[in-house]
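# Structural overview
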Amino acid sequence: MAKLPELFDLSGRVAVVTGGAGLLGEQFCRTLAEAGAAVVVADLDANAAQQLASQLEADGFQALAALTDVTEPDSVQEMVARTLESYKRLDILVNSAALDPKFDPQHRSQASNAFEDYALEAWNAAMKVDLTGIFLCTQAAVHPMLEQGGGVIVNLCSIYGLVAPDQRIYQREGQPPQFKPVSYAVTKAGVLGLTRYLAAYYAGKGIRVNALTPGGVFNDHDDQFVQAYSAHTLLGRMAEKDELNGALLFLASDASKYMTGGNLIVDGGWTAW
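Scope of this entry: the structure provided in the associated data block. Since the structure is predicted, the reported quantities are computational estimates derived from the model, not experimental observations.

## Things to note about the overall build of the chain
In terms of helices and strands, the chain carries 8 helices and 7 strands. Computed over its C-alpha atoms, the radius of gyration of the chain comes to 18 Å, within 12% of the 19 Å expected for a compact globule of 273 residues. Structurally, the chain occupies a C-alpha span of about 55 × 40 × 40 Å along its principal axes. Taking all 273 residues of the chain together, 49% fall into the buried category. Sequence-distant contacts in the chain: of pairs separated by 6 or more residues, those separated by 24 or more amount to 76%. Working note: accessible area of the chain is about 13,000 Å², and carbon and sulfur atoms make up 54% of it. For the chain, the separation between the mean place of its 19 positive charges and that of its 31 negative charges on side chains is 7 Å.

Here it is, written out as structure tokens:
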């Protein structure tokens, strides 16, 4: 029987994190690196990806930046090829890239996202990133995993893949109404279906597939939003950006080796009532 620290040890493993330079992606990359993995920061923002990879390397970790458009098959295949060229294997895929309309001060001036007028272009864009992106990245990553005899895939979901958004928390008195868009809820529900499909499809082949479902993460939201959101949670607050790290490491490591097709919810109790 392995000792507890050994279950979380990722030494000798290679992890790809899509959306790796994002708010949570950056946290995930550092967490996996600190656990011993070589990390590929796959992101559409090449500068941000390189900056993070350089920071990790400066801290003594193995890291590689890879410009990746998860909606383009050639870009995804090139990212996997670079991973294999650099590290000779691919053990962990974290599908974190997503289009997630924000409601922090920087983004509150965005379009209303009302369902009645929601643009088909916006719907299609969300489908391409949030679902097709996971499809393409997983398709590319499973080939080396099958050759190796195993691997781990973690798909980022959302509480809005489990329950409908409470649109009241996005409103401001005296301002035009704004809404969490339909595409986000639908794609995140689809992530769960895809996770279960893949877990069953690769049963017996050494590839485990699970979902990680976060609640809202604080990112300089204004007090009114924080109070409205926090009132829905049993813990009475939003998550800090590092509070998903333990759950991600659990799913990526042997600590969760008897778990596949599951969904780990870390939402401060939002979906408990």
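## So, the pattern of salt bridges
Charged atoms that come close allow side chains of opposite charge to pair. Scanning the model with the defined rule gives 7 salt bridges in all. Of the charged contacts in the structure, one is a salt bridge between R89 and D91, with a shortest N-O distance of 2.8 Å. Of the residues examined, R89 reaches a relative accessible area of 31% and is grouped as partly exposed. D100 is paired through a salt bridge with K180; the nearest N and O atoms lie 2.7 Å apart. Within this pair, whereas D100 is found in the loop between β4 (92-95) and α5 (120-148), its partner K180 is found in the loop between β5 (151-156) and α6 (182-201), the two being separated by 80 residues in sequence. Look at D100 and you get partly exposed, because its relative accessible area is 24%.

## Digging into the side chain of T195
Within the element layout of this structure, T195 appears in helix α6. Those residues in contact with T195, other than ones at most four positions away along the chain, are N155, V209, N210, A211 and G262.

## Some points on helix α4 (residues 73-87)
Taking 1.5 Å as the rise per residue, α4 with 15 residues should run 21 Å; its terminal C-alpha atoms sit 21 Å apart, in good agreement. Listed in full, the buried residues belonging to α4 are S75, V76, M79, V80, T83 and Y87. Along the axis of α4, the buried residues cluster in a sector spanning 135 degrees; they form a single face. Exposed and facing more than 90 degrees away from the buried side of α4 are D74, E78 and E85. The inward-facing, buried residues of α4 abut β1 (14-18), β2 (38-43), β3 (63-67) and α5.

## Concerning unusual backbone geometry
The phi dihedral of K88 falls on the positive side, at around 70 degrees, and the residue is not glycine. Relative to the helices and strands, K88 is located in the loop between α4 and β4. For K88, a relative accessible area of 67% translates into the label exposed.

About the cut-offs
Residues numbered from 1 in each chain as written. Predicted model: local features only at pLDDT ≥ 70, side-chain atom pairs only at ≥ 80, totals over all residues. Heavy atoms only, no water. Helix = DSSP H or I, 4+ residues; strand = E, 2+ residues; numbered from the N terminus. Rg over C-alpha atoms; globule rule 2.2 N^0.38 Å. Buried < 20%, exposed > 50% of the residue type's maximum accessible area, 1.4 Å probe, protein only. Contact = heavy atoms within 4.5 Å. Areas by Shrake-Rupley, 256 points an atom, 1.4 Å probe, with all protein chains shown as cover. Lys, Arg positive; Asp, Glu negative; His and termini not counted. Charge placed at Lys NZ, Arg CZ, Asp CG, Glu CD. Salt bridge = Lys/Arg side-chain N within 4 Å of Asp/Glu carboxyl O. Expected span 1.5 Å × (residues − 1). Arc of directions from axis to C-beta.

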